[in-house]
Amino acid sequence: MKQNKKPYKIAITGGIGSGKSTVLSILQELGYMVFSCDAIARDIYNDKLIFAKIAKSFPNVVENDVVNRKKLAEEIFNDAMQLQTLNAITHPVIMQNLLQKMQSCRENICFAEVPLLFEGGFEKLFDHVFVIMRPLENRIQSVKLRDNLLTCEIEKRIKNQFNYANPINIVHTIIENTKDVEYLEYQIQKVLHEIEKMDNCH
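Residues numbered from 1 in each chain as written. Predicted model: local features only at pLDDT ≥ 70, side-chain atom pairs only at ≥ 80, totals over all residues. Heavy atoms only, no water.

Asks: Looking at this model, I keep getting lost on helix α7 (residues 151–159). Mind explaining?
Replies: Residues separated by three or four positions in an α-helix point in the same direction, a consequence of the helix having 3.6 residues per turn. Along α7, the residues classified as buried are I154, R157 and I158. Along the axis of α7, the buried residues cluster in a sector spanning 100 degrees; they form a single face. (Buried < 20%, exposed > 50% of the residue type's maximum accessible area, 1.4 Å probe, protein only. Helix = DSSP H or I, 4+ residues; strand = E, 2+ residues; numbered from the N terminus. Arc of directions from axis to C-beta.)

Have a look at this one:
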């Protein structure tokens, strides 16, 4: 690919437990520049303005002037309205931070893991989207092992997320996470080969 003043920005999204972080790790190992909304979100609670808004909307999750993220997660994922409230507080700042990082990327193409891409209406900010799809039972098992949650808790979170089975009217690529990591990497390599041939990536 030729040098490009503006990087070609690709968002990686999908439901909880779909394998977004695994895809991001594969891309990083392949030498691509990657970013993560989750990584940015971990630091966002140190922002005084964000902290003040969360403390006002979710007073039960603040302990010793620190946001208890586990309590916050439990509260929002059991209540769709509370989830919307938190997203309204944090998402604009997270996305602003993310896009600044991506725009400063010196590579021709860069990637970002954006878990709530469609819920926040942020898909138009990217040139392309990878939607990671995985069977429901695999997703549930993965989250169980990762977060030590009950099946009913995971199902509640999934219910509050975007339905990726619906048609998406944007430029996107479905990546099926149905086998092993080697097969996942094969799919990614194949998709990247096609994208790098695109005129708007040059």
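That covers the picture; the talk isn't over yet.
Asks: Help me understand the packing of aromatic side chains, please; the structure alone is not making it clear to me.
Replies: In the structure shown here, the tally under the stated rule is six aromatic pairs. When the centroid spacing of 5.4 Å and the interplanar angle of 85 degrees are considered together, the rings of Y32 and F111 count as edge-to-face. One end of the pair, Y32, is in the loop between α1 (20–29) and β2 (33–36); the other, F111, is in strand β5 (residues 109–113), and 79 residues separate them in sequence. Classification of Y32 by relative accessible area gives buried; the value is 18%. Under the relative-accessibility criterion, F111 is labelled buried at 0%. Taking 6.1 Å as the distance between ring centres and 65 degrees as the angle between the ring planes, the aromatic pair formed by F118 and Y164 counts as edge-to-face. A residue pair is termed long-range when its members are at least 10 positions apart, and F118 in the loop between β5 and β6 (128–133) and Y164 in the loop between α7 and β7 (172–176) qualify at 46 residues. Of the two residues examined, F118 and Y164, each falls in the buried class. Taken together, the ring pairs in this structure connect Y32, F111 and F130 into an aromatic cluster. Its guanidinium or amino end placed over the ring of Y183, K179 lies 4.6 Å from that ring's centre, counting from NZ or CZ. (Phe/Tyr/Trp six-rings, centres within 6.5 Å; stacked < 30°, edge-to-face > 60°. Lys NZ or Arg CZ within 6 Å of the ring centre and 35° of its normal.)

Asks: Before we go on, may I ask you to explain the packing of helix α6 (residues 136–147) against α7 in this structure?
Replies: Packing of α6 against α7 leaves a shortest axis separation of 10 Å and a crossing angle of 120 degrees. As α6 packs across α7, the resulting crossing turns out to be right-handed. Across the interface between the two elements, L136, R139, I140, V143 and K144 from α6 touch T151, I154, E155 and I158 from α7. Of the residues in the contact of α6 with α7, the class split is five nonpolar, one polar and three charged. (Axes fitted to C-alpha atoms, helices over the stretch in contact; angles between N-to-C directions. Left-handed = near helix turned anticlockwise from the far one by under 90°. Contact = heavy atoms within 4.5 Å. Nonpolar A, V, L, I, M, F, W, Y, C, P; charged D, E, K, R; others polar.)

Asks: What exactly am I supposed to notice about the pattern of salt bridges here?
Replies: Here the idea is simple: oppositely charged side chains can pair when their charged atoms come close. Using the criterion set out here, one finds two salt bridges in the structure. A salt bridge links R146 to D147; the nearest nitrogen and oxygen atoms lie 3.0 Å apart. Judged by relative accessible area, which is 31%, D147 ranks as partly exposed. (Salt bridge = Lys/Arg side-chain N within 4 Å of Asp/Glu carboxyl O.)

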